[in-house]
Amino acid sequence: MLNLRQFEIFRAVMSHQSTVGAARDLLISQPAVSNAIRHLEDQLGFALFDRTGNRLVPREEARVLYRESEAIFLLSRALNQTVDDLKDNRRGRVRVVATPQLGHTIVPSAVREFLRRRPKVKVTIDIAQSYSVVESVEVAAADFGLAIALEKELSQTFELVLLATLPLVCVVPIRHPLAKGKVIRPKDLRGQALIGLEMGSRLGPLIREAFRAEATAYASSVEVRFSETACRLVEAGVGVAVVDGFTARQAVIDGAKCNVIPFKPTATVSGWALYPKFRPLSRIAVALLETIQAHAAQFKQ
């Protein structure tokens with residue numbers, strides 16, 4: 001049976017017009033090349049070369065085979081390249097769904113680094129609320145999800161990977177009376193226009209609990225769903241807000257015109273990656289998740 005290795009040697013001989021050149025190109029011995037050509041001719045049942053001294057002169061049959069085998073070797077090289085790309089995580093597709101607190105902070109720089117060395121990889125990113133993140137991962141609409149403040153009970157179904165833990169902080173306009181404070185407590189926010197996070201969000205109940213712990217009434221002037229929206233309103237001078245450290249830190253990085261001040265009593269929020277225990281991640285998805293983990297470690301510093 002004919003094989004690609006025999007044709008590879010044959011094509012090398014045709015390209016170099018000598019067994020010596022072919023041997024040098026293929027990193028094998030010259031006798032090995034000569035033996036392979038003889039074996040190929042025996043299998044074909046006809047000669048491919050006329051032998052003149054130490055020279056091999058291609059016959060017309062050899063020229064025809066050389067032309068017709070080009071497509072096969074182009075396909076073979078492409079297939080080998082695909083295998084190498086898959087082995088080195090340079091090809092494939094990864095689908096990620098994240099809450100804004102992580103999708104708009106840690107993810108962009110991580111994806112930039114990830115794709116810099118993997119131009120053939122396609123990354124799909126969706127931003128959603130926490131419950132939608134969990135649902136998307138559960139029904140395989142995403143390879144893995146990123147969310148904050150996940151319930152411990154999810155660990156029964158999902159693999160949970162801790163990315164970072166940051167405290168709640170208070171965000172105030174730069175010219176606000178509280179902007180120079182070292183620490184802000186719930187009592188300091190009495191009488192202030194408070195931009196609150198809705199009760200249905202992950203952070204809403206956590207913030208309200210901090211106010212209850214200080215026996216301070218929680219009364220918001222504006223209610224929003226996401227911390228990012230709250231920061232934008234703070235920057236516009238609408239009021240002050242208590243948000244997660246991920247969003248607040250990114251706002252500072254982006255040059256937002258607001259001050260970020262520690263909030264007491266201290267409450268922390270953890271960012272997690274999750275994927276089903278019964279459905280292991282692909283190699284390329286693992287590579288992206290590891291890149292996100294590395295960026296999350298830098299983000300909290």
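Below, the structure is looked at part by part. Since we're looking at a predicted model, the values are computed, not measured. (Residues numbered from 1 in each chain as written. Predicted model: local features only at pLDDT ≥ 70, side-chain atom pairs only at ≥ 80, totals over all residues. Heavy atoms only, no water.)

A few points about the packing of aromatic side chains
- Tallied over the full model, the rule gives 3 aromatic pairs.
- Ring plane angle 90° and centroid distance 5.0 Å describe the contact between Phe 211 and Tyr 218, whose orientation is recorded as edge-to-face.
- Residue classification places Phe 211 among the buried residues on the basis of a relative accessible area of 2%.
- Residue classification places Tyr 218 among the partly exposed positions, given a relative accessible area of 22%.
- Here the aromatic cluster, defined as three or more aromatic residues joined through ring pairs, consists of Phe 211, Tyr 218 and Phe 263.
- Positioned over the ring face of Tyr 66 is Arg 11, at 4.4 Å from the centre of the ring. (Phe/Tyr/Trp six-rings, centres within 6.5 Å; stacked < 30°, edge-to-face > 60°. Buried < 20%, exposed > 50% of the residue type's maximum accessible area, 1.4 Å probe, protein only. Lys NZ or Arg CZ within 6 Å of the ring centre and 35° of its normal.)

As for the packing of helix 1 (residues 4-16) against helix 2 (residues 19-26)
- Where helix 1 meets helix 2, the closest approach of the two axes is 8 Å, and the angle between their N-to-C directions is 125°. Taken as axis vectors, helix 1 and helix 2 run oblique relative to one another. Helix 1 and helix 2 meet at a crossing whose hand is right-handed. Residue-level contacts link Arg 5, Glu 8, Ile 9, Ala 12, Val 13 and His 16 of helix 1 to Gly 21, Ala 22, Asp 25 and Leu 26 of helix 2. (Axes fitted to C-alpha atoms, helices over the stretch in contact; angles between N-to-C directions. Helix = DSSP H or I, 4+ residues; strand = E, 2+ residues; numbered from the N terminus. Parallel < 35°, antiparallel > 145°, perpendicular 65-115°, else oblique. Left-handed = near helix turned anticlockwise from the far one by under 90°. Contact = heavy atoms within 4.5 Å.)

The analysis is restricted to geometry; functional conclusions fall outside its scope.
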